[in-house]
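Examining the three-dimensional arrangement
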Amino acid sequence: MRRSLFPSLLVLASPSLASAAGAPISPAAPWARAVDDELTRPVIERLTGKSAAEIAAIGSHWEGDMLFTPDGLGADALAAMGKEPLHAMAYDPAPGVLFVEMGGVTLTPTCGNGDNANAALNCSPLVDSQTDFPSYGDGMAQASMFQELQNYYEPFNIIMSSQRPPDYLPYTMAVIGGASNQGQGVCGVANVACDGLKRNHVSLTFPQSCNGVAEVAAQETSHNWGLEHTDDTQDLMYPFNNGGFKTYVDTCNTISHATGSGVTQCGYIHELYCPDGGGEEQNSYQELMGVFGPREVDDVAPVIVSTTPEDGAVISTSDSVLITAQIEENSTLVGVKWTWVDGLPDDVEEYTRCTNNVCVEDYALTPGTDPNEVAWDFVNLAQPPVGTYTFQLEVIDGYGNYDSKEITIEVTEDGNTGSNPDTGSDSASGTDGDSGTDGTDPDGDGTAADAGDATGATVPGVDDGGTKQGCACAAAEPTTPRLAWLIPLALLGLRTRRR
Ligand SMILES: [Zn+2]
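These lines cover the structure that appears in this document, whether it is placed above or below. (Residues numbered from 1 in each chain as written. Predicted model: local features only at pLDDT ≥ 70, side-chain atom pairs only at ≥ 80, totals over all residues.)

**Here's the deal with the overall build of the protein**
Helix and strand counts for the protein come out as 10 helices and 22 strands. Per-residue burial over the protein gives 50% buried out of 499 residues. Of all intrachain contacts in the protein linking residues separated by at least 6 positions in sequence, the fraction that spans at least 24 positions is 71%. (Helix = DSSP H or I, 4+ residues; strand = E, 2+ residues; numbered from the N terminus. Buried ≥ 20, exposed ≤ 12 C-beta atoms within 10 Å, placed from the backbone. Contact = placed C-beta atoms within 7 Å.)

**Quick notes on the environment of tyrosine 136**
Within the fold, tyrosine 136 resides in the loop between β7 (131-133) and α4 (139-152). Looking at tyrosine 136, the number of C-beta atoms within 10 Å reads 23, which means it is buried. In sequence terms tyrosine 136 and isoleucine 176 are 40 residues apart; their C-alpha atoms lie 6.2 Å from each other. With near-sequence residues (within four places) excluded, tyrosine 136 lies in contact with Met102, Ala141, Gln142, Ile176, Gly177 and Pro207.

**Thoughts on helix α5 (residues 213-224)**
The first and last C-alpha atoms of α5 sit 17 Å apart over 12 residues, in line with the 16 Å expected at 1.5 Å per residue. Within α5, 12 of the 12 residues are buried, which leaves it mostly tucked inside the rest of the structure. Buried within α5 we find Val213, Ala214, Glu215, Val216, Ala217, Ala218, Gln219, Glu220, Thr221, Ser222, His223 and Asn224. Glycine 226 lies just past α5 and shows a positive phi near 105°. (Expected span 1.5 Å × (residues − 1).)

**Some details on α4**
Counted at 1.5 Å a residue, the expected span for α4 with its 14 residues is 20 Å, and the 20 Å between its end C-alpha atoms agrees. Burial in α4 covers these residues: Met145, Phe146, Leu149, Gln150 and Tyr152. All buried residues of α4 lie within an arc of 150° about the axis, which places them on one face of the element. (Arc of directions from axis to C-beta.)

**Some remarks on the sheet that holds strand β20 (residues 379-382)**
Read from one edge to the other, the open sheet built from five strands follows the order β1-β2-β20-β16-β14, with strand pairing classed as antiparallel. Looking at the sheet topology across the chains shown, the edges are occupied by β1 (20-24) and β14 (303-308). Strand-to-strand twist in this sheet, taken as the mean axis angle between neighbours without regard to direction, amounts to 35°. As judged from the three bridges shared by strand β2 (residues 32-36) and β20, these two strands associate in the antiparallel manner. Pairing of alanine 32 across the sheet is with leucine 381, part of β20. (Pairing = 2+ DSSP bridges. Axes fitted to C-alpha atoms, helices over the stretch in contact; angles between N-to-C directions.)

**Focus: the packing of α4 against α5**
For the pair α4 and α5, the least separation of the axes is 9 Å and the interaxial angle reads 45°. Relative to α5, the element α4 lies oblique. Helix-helix and strand crossings are classified by hand; for α4 and α5 the assignment is right-handed. Of the residues in α5, those in contact with Met145, Glu148, Leu149 and Tyr152 of α4 are Val213, Ala214, Ala217 and Ala218. A breakdown of the residues in the contact of α4 with α5 according to their chemical character gives seven nonpolar, no polar and one charged. (Parallel < 35°, antiparallel > 145°, perpendicular 65-115°, else oblique. Left-handed = near helix turned anticlockwise from the far one by under 90°. Nonpolar A, V, L, I, M, F, W, Y, C, P; charged D, E, K, R; others polar.)

**Digging into the sheet that holds strand β22 (residues 402-412)**
With mixed pairing, six strands are arranged side by side in an open sheet as β15-β22-β21-β17-β18-β19. Here the strands that pair on one side only, and so sit at the sheet edges, are β15 (314-316) and β19 (361-363). Direction aside, neighbouring strands of the sheet carry axes that sit 20° apart on average. Here strand β18 (residues 352-355) runs beside β19; their pairing, made up of three bridges, is parallel. Residue pairing across strands places cysteine 354 opposite aspartate 362, the latter belonging to β19.

This is the structure in structure tokens:
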């Protein structure tokens with residue numbers, strides 16, 4: 001089903017929108033300023049116009065095995081915020097990654113970064129205190145469970161992995177292990193996010209408490225993506241573990257409250273798929289299809305199309321420049337991470353900006369955002385001191401295709417350069433490199449000599465005598481087609497299909 005029934009309100013920063021310079025990243029370095037753009041603010045705050053404190057004050061509540069927190073944007077939370085149903089959440093289907101954790105994990109109830117759950121940080125309000133979950137079964141049991149779960153999700157564009165993806169790629173985590181932490185008769189629990197708006201939730205499945213582990217895991221992960229219970233005994237969203245063969249049923253079924261007591265929370269989304277149901281019917285199959293779209297295979301790597309400045313650019317101490325990039329990616333699921341590698345202000349240990357809220361600054365994207373339309377702004381250098389500065393950009397899509405690039409720029413004393421940071425012209429920078437040797441560069445011989453070499457561009461990896469910039473050689477695009485985390489999938493995939 002096309003989801004563009006409503007004009008999307010989730011318009012994000014476009015490349016044409018220049019980012020404002022925000023606060024200095026440290027008091028001692030007013031020349032290094034964070035980017036101040038929309039994407040540094042959490043999605044839920046942008047969607048609702050409410051502050052983090054107002055949102056947190058709403059609190060959460062359980063409905064059977066489902067935990068509704070405010071960022072799940074259920075009916076009660078929206079009502080508490082005085083908000084109408086957010087049909088703006090309807091977005092074009094976007095692929096998702098499901099990491100199945102069967103090797104044991106420790107979860108904490110808080111994330112420390114403003115998120116109420118984040119799979120990459122092993123935090124979830126599904127636990128009340130730090131909780132250890134043991135591993136599940138042996139290798140055979142794990143492979144067979146994984147395959148069974150994969151069969152359930154076969155129609156949908158859900159990329160499953162038994163290996164943990166990089167933390168800056170949003171992924172949902174299904175923890176399989178241990179006994180119920182929510183009392184007897186509970187086979188699994190999950191946070192709910194209506195319309196699959198949040199893509200880094202966690203669910204728990206308790207193999208020591210119930211049989212039908214894959215079936216339970218399917219239901220719990222689907223709760224993460226906005227599905228509630230139905231009264232169809234054939235549907236994976238039937239709230240009881242009745243042992244029969246189930247699937248995601250492609251009919252509109254009545255929402256079941258057999259295990260909860262309350263109000264259907266994501267009814268305004270269910271209604272998009274069951275228009276006659278008034279929000280009290282759910283088509284589990286079509287709704288997942290609407291969230292993820294049909295299964296696709298993607299082996300096209302993302303491409304870092306350009307950076308500003310270019311690698312090897314030379315600017316002066318009177319210039320200001322925004323470190324940014326444009327990427328090209330054919331899917332709408334992407335993890336992007338900037339790292340300030342070299343030339344950090346003295347009192348700053350680390351400066352990063354990435355997706356999935358695991359870096360110093362975030363790119364808070366909504367599912368379905370076109371990564372080609374995002375301005376991947378990192379940091380503003382406003383009249384920086386003389387020196388060498390290196391930044392790394394990494395991009396990975398949900399299928400494990402990867403690209404990275406390092407850019408190194410030189411800052412020279414004002415008056416020593418006429419080069420424009422946008423062009424980073426080689427000839428200009430070459431001469432600057434020479435002139436730099438005579439001078440004021442506090443780093444001495446190293447940087448100035450390197451500048452000449454590095455900006456020569458065709459001589460990668462010229463020895464810089466050591467530690468300084470891990471050489472510009474990486475810029476010569478050794479595009480790794482796939483990262484290792486997807487490979488074990490192929491092995492698991494060799495298992496026989498069931499039935
Ligand atoms: Zn359930």
